[in-house]
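# Secondary and tertiary structure notes
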Amino acid sequence: MIIKQTPNSPIGVFDSGLGGLTVLKSLEKILPNESFIYLGDTANVPYGTKSAEMVILYSDLIMNFFLKYEIKAVVIACNRASAVAFQHLKKIYDIPLFDVITPSVEYSMKITKTQKIGVIGTYSTIQSNAYKHMFRDMGDVCSVLEISCPLFVPIIEEGWADTSIAREIACIYLQELQEKNIDTLILGCTHYPIMANIIQSVLPVHVQLIFSGETVGQKLYHYLNEHKLVSTSTSGGYVKFYVSDFPQKFIELGGRFFGRKLIDVTHISLL
Ligand code: DGL
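Residues numbered from 1 in each chain as written. Predicted model: local features only at pLDDT ≥ 70, side-chain atom pairs only at ≥ 80, totals over all residues. Heavy atoms only, no water.

### Points about the pairing of strand β9 (residues 239-243)
Taking burial as the measure, the five residues of β9 include four buried ones, the bulk of the element. The sheet contact formed by strand β2 (residues 36-40) and β9 spans five bridges and is parallel. Residue pairing for β9: Gly 40 is matched across the bridge by Val 243. Bridge analysis of β9 against strand β10 (residues 265-267) gives three bridges, and the strand direction is parallel. Within the sheet, the bridge partner assigned to Phe 241 lies in β10 and is Val 265. For the crossover that starts at β9, traverses helix α11 (residues 250-258) and ends in the parallel β10, the hand is right-handed. (Buried < 20%, exposed > 50% of the residue type's maximum accessible area, 1.4 Å probe, protein only. Helix = DSSP H or I, 4+ residues; strand = E, 2+ residues; numbered from the N terminus. Pairing = 2+ DSSP bridges. Right-handed = clockwise from strand over helix to strand, strands pointing away.)

### What about unusual backbone geometry?
Here the residue pair Val 45 and Pro 46 is connected by a cis peptide bond, since its omega of 0 degrees sits within 30 degrees of zero. When you line up the elements, Pro 46 lands in the loop between β2 and α2 (52-67). A positive phi angle, close to 60 degrees, is found at Gln 115, a residue other than glycine. Within the secondary structure, Gln 115 sits in the loop between α4 (101-111) and β5 (116-121). Despite not being glycine, Asn 181 shows a phi value in the positive range, around 60 degrees. Mapping Asn 181 onto the fold places it in the loop between α8 (164-179) and β7 (184-188).

### So, the sheet that holds strand β4 (residues 97-98)
Read across the open sheet, the six strands follow the order β4-β3-β1-β2-β9-β10; overall the sheet is parallel. Each edge of the open sheet carries a strand with a single partner, namely β4 and β10. Each of β1 (11-15), β2, β3 (73-76), β4 and β9 is contacted by α2, which is oriented at about 155 degrees to β1, the strand it contacts most. (Contact = heavy atoms within 4.5 Å. Axes fitted to C-alpha atoms, helices over the stretch in contact; angles between N-to-C directions.)

Structure representation (structure tokens):
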């Protein structure tokens, strides 16, 4: 299906649930005049524990949902979906599509001095070696150490991101990174920016954290400029939120991830 992209069309952003709101927050900052349609697949969260087949299926349903809005680009904010569904979706949809893995890998390769890079993410993102493969595909010789931190997501959702419990767990997970002389750490999960202070505090000060919202935001910014697709609005764009289920705490938790109260949240069915 071919969609005509126009400058004032919105940009679709999707995630398994709330986490992608950290990405959306960065996109909004980098592209303040753009409009966004955010889809949180709260009926199927977490993607981190689902098989690749299921995550591809959900991502497909979400792309079909976006087609109704004549979006001009789609950002896959979720790392797990970026790892397993990006290539599949690219083959099927004639829409500019952005994953969160490629831009973070490109940026890390540019800034590392020690050529030692860490990546943290959910169990299945790390198991898939998606980041390592991306470094390899780009012909890079960096040594990449990937570590899964499965307890970070529930800790963050519980509102404990800045507590001593979070710090202790981060110390345990990240111990190997402390010893490996990395100078760059990719936060390979949508939730982790919420815990960035604690993560940074348990690592040597020179380690630079990479936020996928910022790297994909820069990539999108350049794409829109190069393709003359920048919004002509000068008064700021709109943001509409859609969820595939309405968990009780969605608005409260979502506000914490997005940095302000979520308004205009609509419950839809993807089926
Ligand atoms: N959004 C997911 C990711 O970035 C984390 C939450 C989940 O497992 O669904 O990998």
